[in-house]
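Structural features, examined
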Amino acid sequence: MSIKVRSISSQRVNQIAPSGIRKFFDLLASMEGVISLGVGEPDFTTPWHIREAAIYSLEKGYTMYTSNSGMPELRRELSRYLKDSYNLSYDPDTELLITVGVSEALDLATRAILDPGDEVIMPDPCYVSYSPCVILAGGIPIMVPTNEENNFELNTSDIEARVTSKTKAILIGYPSNPTGAVMSREKLLRLAEVARRHQLLVISDEIYARLVYGVKHTCFATLPGMKESTIFLGGFSKAYAMTGWRIGYAAASKEIIAAMTKIHQYTIMCAPTMAQVAAIEALKSGEPSVLEMVEDYNRRRLVMVKGLKDIGLPCFEPKGAFYAFPPIKVSGMTSEEFAEKLLMEEKVAVVPGTAFGQCGEGYIRCCYATSLAEIEEALLRMGRFVKKHKK
Ligand SMILES: Cc1ncc(COP(=O)(O)O)c(C=O)c1O
């Protein structure tokens, strides 16, 4: 006999929609000959020496739980890396937490700081998880529109206009997925000023920090007075081509890390041990591989941006991550229609801009972390498609 339940899913879960990205991938998984500019992950395999370190760890029998916060050696290496890269000092024992990717770190950060009804300000468009994470933590996402004319950077006056007595934090992710935008240091300084004035926390997702082209990444926690109020999230997925290892971290004040660790210890216990060993190796000697991959992404970025322009989809120049975000308004279609038709007619998978927020309408996200040959073939097909449907 089946049991009658009032309602299966909670109101919080009912409030969020399934990821708009997944829908496309389910569709294309059933098709042959598709070129995917869809999934946002490196096409490189994790560098061999990193894989080898993990394999060796298994041979040595590293198969048990680690400390909840992560292996002490990994936290020490991470602390050194953050000091060397940004001149930031984080105590490996109390101010760092190793997580299951930035995904878990985002979830922990929002759950650790939000009470029901607290508001979190974030850019639109932005990474697909930001708004759902806030909702699942009981908070309310407050979107700040950004646009191509402003290089998809957050405007401080737009943020300030949305601050209320309920605002708890600003959530930013630069370099940006999906636009490839990088916020200038000047703009970030102004954002820091707003955060300070209104005593807001800042969650800064810097997973793409290493993937910048011709510009310098500004780490938000390095801005004057910001270290104590910033939850700095970073990871290994993108820079070291380690998406499948599921390893990331949070760096923040002792109080915030303690709060995040409380949730982490009951829900996750610890990040996978083998992946933690791989991350130690990545931090110790992964730098040459990172630089090589960045150089390669840059070559593809230039081909993608020029190619899009040549086929009549000129886009603003992405300076970070591995995405181009061209407008498709010339087609007269919505982003969803464009992506769906392009997949059906030309077998090229892109993600509709609306998967990242309302301000993504009229845009598509093209990931260029794929081979040059595939990028060129995709551009050829897209060119044919645009010519056919141009209004
Ligand atoms: C902006 C951004 N943040 C976080 C993540 C999640 O990364 P991870 O693999 O570390 O969970 C992604 C993955 O695409 C991302 O694009």
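The model shown is predicted, which means the values in this text are computed figures rather than measured ones.

Before going further, it helps to examine the pairing of strand E2 (residues 96–99). Both faces of E2 are covered, namely the face carrying Leu-96 and Ile-98 and the face carrying Leu-97 and Thr-99. Direction of pairing for E2 relative to strand E8 (residues 248–251): antiparallel, over a ladder of 4 bridges. From the neighbouring strand, Leu-96 faces E8, where its bridge partner is Ala-251.

What follows concerns the sheet that holds strand E9 (residues 323–324). Taken in spatial order, the 3 strands of this open sheet run E9-E12-E11, and their pairing is antiparallel. Of all strands in the sheet, those bounded by a partner on one side alone are E9 and strand E11 (351–352). Examined bridge by bridge, E11 and strand E12 (residues 364–367) share 2 bridges and lie antiparallel to one another. Bridging across to E12, Pro-352 finds its partner in Ile-364.

The immediate surroundings of the ligand are formed by Gly-101, Val-102, Ser-103, Tyr-127, Tyr-130, Asn-177, Asp-205, Ile-207, Tyr-208, Ser-237, Lys-238 and Arg-246. Measuring from an oxygen atom of the ligand, one finds a side-chain N or O atom of Tyr-208 at 2.8 Å. Measuring from an oxygen atom of the ligand, one finds a side-chain N or O atom of Ser-237 at 2.7 Å. For the ligand, the accessible surface in isolation is 400 Å², of which the surrounding protein chains cover 92%. In this structure the site holding the ligand corresponds to the largest pocket. Among the elements that make up the shell around the ligand, the one with the highest residue count is helix H5 (residues 101–113) (3 residues). Its residues placed into classes, the shell around the ligand shows 5 nonpolar, 4 polar and 3 charged.

This structure, assessed with the given rule, holds 3 cavities of 30 Å³ or more. In this structure, the largest cavity encloses a volume near 120 Å³. Considering the residues around the largest cavity, the lining is formed by 14 residues, among which Tyr-81, Glu-206, Arg-210, Gly-235 and Tyr-249 are closest to the centre. The set of elements that each furnish at least two residues to the lining of the largest cavity consists of helix H4 (72–86) and strand E7 (230–235).

Another aspect to go through is the sheet that holds E2. Sheet architecture is open: 7 strands sit in the order E2-E8-E7-E6-E5-E3-E4, paired in mixed fashion. Every other strand in the sheet has two partners, leaving E2 and strand E4 (140–145) as the edge strands with one partner each. On average, each strand axis in the sheet is inclined to that of its neighbour by 20°, with strand direction left out of account. One ladder, built from 4 bridges, connects strand E5 (residues 167–172) with strand E6 (residues 201–205); its direction is parallel. Paired with Ala-169 across the strands is Leu-201, a residue of E6. Its contacts with the sheet put H4 on E2, E7 and E8, and the angle it makes with E2 is roughly 115°.

Basis of the calculations
Residues numbered from 1 in each chain as written. Predicted model: local features only at pLDDT ≥ 70, side-chain atom pairs only at ≥ 80, totals over all residues. Heavy atoms only, no water. Buried < 20%, exposed > 50% of the residue type's maximum accessible area, 1.4 Å probe, protein only. Helix = DSSP H or I, 4+ residues; strand = E, 2+ residues; numbered from the N terminus. Pairing = 2+ DSSP bridges. Near = heavy atom within 4 Å. Polar contact = N/O pair within 3.5 Å; in protein donor to acceptor, adjacent residues only side chain to side chain. Areas by Shrake-Rupley, 256 points an atom, 1.4 Å probe, with all protein chains shown as cover. 1 Å grid on protein atoms, 1.4 Å probe; cavity = no way out; pocket = protein on both sides within 12 Å on 5 of 7 lines; lining within 4 Å. Sits in = over half its atoms within 2 Å of the grid points. Nonpolar A, V, L, I, M, F, W, Y, C, P; charged D, E, K, R; others polar. Points joined across faces, edges and corners; volume = space filled by probe spheres on them. Axes fitted to C-alpha atoms, helices over the stretch in contact; angles between N-to-C directions. Contact = heavy atoms within 4.5 Å.

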